[in-house]
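Secondary and tertiary structure notes
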Amino acid sequence: MLGCDKTVTITHLGYDGQADKDVETVRTFAGCSWYGQTKASVTNEGLKSASVYKCRIPEEAAGSAPLVCARGDKIACGDVTATVLDVHDNRGRPAPHWYIEAS
């Protein structure tokens, strides 16, 4: 996959039912694609804008362990940390990857 030269870190917050506590899992992936853009819309209150980040993690970057990522998790690349909005499993395509949208 072209442009996969970034390193991203995903912080997943899960729940351990036996220990009855939250568990934080942090994984770093090298060889990913990352870019951001600003989305804007006009409302009755004026112009609203937000940054949206898009990340593609190639299947080979994840290694043998499955990718664990859900809405609300944190994803970071460089000095940008964002909240995961959606995760798409695109491993059934010609360039297998996970696609993550964050803001």
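Residues numbered from 1 in each chain as written. Predicted model: local features only at pLDDT ≥ 70, side-chain atom pairs only at ≥ 80, totals over all residues. Heavy atoms only, no water.

**Section: the pattern of salt bridges**
Proximity of charged atoms lets side chains of opposite charge pair with each other. A full pass over the atoms with the stated rule returns 3 salt bridges. Across the pair E45 and K48 runs a salt bridge, and its minimum N-O distance is 3.3 Å. You can call E45 exposed: its relative accessible area is 70%. The salt bridge involving D86 is made with R71; its shortest N-O contact spans 3.5 Å. With D86 in strand β5 (residues 80-90) and R71 in the loop between α1 (59-62) and β4 (74-77), this residue pair connects regions lying 15 residues apart in the sequence. (Salt bridge = Lys/Arg side-chain N within 4 Å of Asp/Glu carboxyl O. Buried < 20%, exposed > 50% of the residue type's maximum accessible area, 1.4 Å probe, protein only. Helix = DSSP H or I, 4+ residues; strand = E, 2+ residues; numbered from the N terminus.)

**A few points about the packing of aromatic side chains**
As enumerated under the stated definition, the model contains 1 aromatic pair in all. Look at W34 and Y53: their rings are 5.5 Å apart centre to centre, the planes differ by 20 degrees, and that puts the pair in the stacked class. Separated by 19 residues along the polypeptide, W34 in strand β2 (residues 21-43) and Y53 in strand β3 (residues 46-58) bring together distant segments of the chain. With relative accessibility at 14%, the residue W34 sits in the buried group. Residue Y53 is classed as buried on the basis of its relative accessible area of 19%. (Phe/Tyr/Trp six-rings, centres within 6.5 Å; stacked < 30°, edge-to-face > 60°.)

Note that all results are geometric; they support no functional claim without further evidence.
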